[in-house]
Amino acid sequence: MLKRFSISLEEELLTIFDEHIMARSYTNRSEAIRDLIRKAFIKSEWQEDKLVMGVISLVYDHHQHKLQEKVTLVQHDFHHQIVSTTHVHMDHDNCLEVIVVRGKAKEVQDLANRLSALRGVRDANLAMSTTGEHLH
Ligand code: NI
């Protein structure tokens with residue numbers, strides 16, 4: 001059953017939100033709000049020590065000094081969590097690295113944070129899926 005409620009927002013924030021809706025082709029604001037709430041709720045579950053599988057995608061410029069080396073070093077710090085890594089040479093400058101991970105949500109998040117914090121990393125995303133099992 002759907003319930004209605006109204007929201008007060010600053011105009012600038014609403015403009016940003018409407019742009020987000022357009023960009024993602026939502027048919028209305030309600031659906032976009034529902035998605036944001038779901039995402040926020042799911043994210044709070046990731047704070048736990050749940051066992052997850054995830055995919056980290058990373059875009060970086062390999063010309064950046066020692067970046068390639070640092071990306072590898074961080075991954076070796078998390079070798080227990082990393083299932084596989086695929087490196088794609090996107091174009092002359094950019095590399096895409098797709099890292100499949102398995103571990104506690106916190107560890108996986110930590111790895112993604114470490115990688116995205118490296119100077120020269122242009123884009124970093126983590127997508128997690130839960131198995132429903134808990135690690136104890
Ligand atoms: Ni490359």
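Residues numbered from 1 in each chain as written. Predicted model: local features only at pLDDT ≥ 70, side-chain atom pairs only at ≥ 80, totals over all residues. Heavy atoms only, no water.

K.L.:
What is the right way to read the pairing of strand β1 (residues 50-61) from this model?
P.N.:
Regular strands place their side chains on alternate faces of the sheet. Counting buried residues along β1, nine of its 12 residues qualify, which places the element largely inside the surrounding structure. Where β1 lies against strand β3 (residues 94-104), 11 bridges are found, and the strand directions are antiparallel. Within β3, the residue paired with Ile 56 across the bridge is Ile 99. (Buried < 20%, exposed > 50% of the residue type's maximum accessible area, 1.4 Å probe, protein only. Helix = DSSP H or I, 4+ residues; strand = E, 2+ residues; numbered from the N terminus. Pairing = 2+ DSSP bridges.)

K.L.:
Would you mind going over the domain arrangement of the chain with me for this structure?
P.N.:
Accessible area lost upon the coming together of the parts serves often as the stated size of an interface. Taken domain by domain, the chain consists of domain 1 (11-47) and domain 2 (51-130). Inter-centroid distance (C-alpha atoms) of domain 1 to domain 2 is 26 Å. (Domains from an automatic or database assignment.)

K.L.:
I would appreciate a short explanation of the nonpolar core in the present structure.
P.N.:
One recurring pattern in soluble globular proteins: nonpolar side chains tend to sit buried together. Formed by 20 residues in total, the largest nonpolar core has its most connected members in Ile 56, Leu 58, Leu 111 and Leu 115. Of all elements in the fold, only β1, α3 (67-77), β3, α4 (105-116) and β4 (121-134) reach the threshold of two or more residues within this core. (Core = buried A, V, L, I, M, F, W, Y, C linked by side-chain atoms within 4.5 Å.)

K.L.:
Looking at this model, I keep getting lost on the coordination of the nickel ion. Mind explaining?
P.N.:
When a metal carries six donors in an octahedron, the ideal angles between them are 90 or 180 degrees, while four donors in a tetrahedron ideally lie at 109.5 degrees. On the protein side, the nickel ion has His 87 (NE2), His 89 (ND1) and Cys 95 (SG) as donor atoms, found 2.1 to 2.3 Å from it. When the donors of the nickel ion are listed by position in the chain, the intervening gaps give H-x1-H-x5-C. You can call His 89 exposed: its relative accessible area is 63%. (Donors = N, O, S within 2.8 Å, 3.2 Å for Na, K, Ca; no water.)

K.L.:
Please explain the environment of Lys 66 as it appears in this structure.
P.N.:
On the secondary structure map, Lys 66 appears in the loop between β1 and α3. Given the relative accessible area of 45%, Lys 66 is considered partly exposed.

K.L.:
Looking at this structure, I do not really get a nonpolar patch on the surface. What am I missing?
P.N.:
There is a patch of nonpolar side chains on the surface, built from Phe 5, Ile 7, Leu 9, Leu 13, Ile 16 and Ile 37 and spanning about 610 Å² of accessible area. Tracing the chain through its elements places Phe 5 in the segment before α1 (11-23). (Patch = residues over 30% accessible without salt bridge, like charges linked within 9 Å, V, L, I, M, F, W, Y side chains within 5 Å. Areas by Shrake-Rupley, 256 points an atom, 1.4 Å probe, with all protein chains shown as cover. Salt bridge = Lys/Arg side-chain N within 4 Å of Asp/Glu carboxyl O.)

K.L.:
Sorry if this is basic, but what is going on with the pattern of salt bridges here?
P.N.:
If charged atoms from side chains of opposite charge come close, those side chains can pair. This structure, assessed with the given rule, holds four salt bridges. Its salt-bridge partner being Asp 61, residue Arg 122 comes within 3.3 Å of it at the nearest N-O pair. Of this pair, Arg 122 sits in strand β4 while Asp 61 sits in strand β1, and the two are 61 residues apart along the sequence. Note on Arg 122: relative accessible area 52%, which makes it exposed. With a relative accessible area of 14%, Asp 61 lands in the buried category.

K.L.:
Please clarify how the pairing of strand β2 (residues 82-89) should be interpreted in this entry.
P.N.:
Looking at chain direction, β2 and β3 are connected through seven bridges and run antiparallel. Looking at the pairing, Thr 85 lines up with Ile 99 of β3. Hairpin connection of β2 to β3: four residues between the antiparallel strands.

K.L.:
Teacher, can you tell me more about α4 here?
P.N.:
Three or four residues apart is the spacing at which side chains of an α-helix point the same way, because the helix has 3.6 residues per turn. With 12 residues, α4 should reach 16 Å at 1.5 Å per residue; the first-to-last C-alpha distance of 16 Å fits that figure. Among all positions in α4, only Ala 105, Val 108, Leu 111, Ala 112 and Leu 115 are buried. Down the axis of α4, the smallest arc covering the buried residues is 130°, so these residues share one side. (Expected span 1.5 Å × (residues − 1). Arc of directions from axis to C-beta.)

K.L.:
Could you clarify how one ought to interpret the packing of α3 against α4 in this entry?
P.N.:
Relative orientation of the contacting elements α3 and α4 amounts to 165°, with a least axis distance of 10 Å. Judged by the inter-axis angle, α3 sits roughly antiparallel to α4. Seen from above, α3 lies across α4 with right-handed handedness. Residues Val 71, Val 74 and Asp 77 of α3 lie in contact with α4, whose contacting residues are Leu 111, Arg 114 and Leu 115. In terms of residue class, the contact of α3 with α4 is built from four nonpolar, no polar and two charged. (Axes fitted to C-alpha atoms, helices over the stretch in contact; angles between N-to-C directions. Parallel < 35°, antiparallel > 145°, perpendicular 65-115°, else oblique. Left-handed = near helix turned anticlockwise from the far one by under 90°. Contact = heavy atoms within 4.5 Å. Nonpolar A, V, L, I, M, F, W, Y, C, P; charged D, E, K, R; others polar.)

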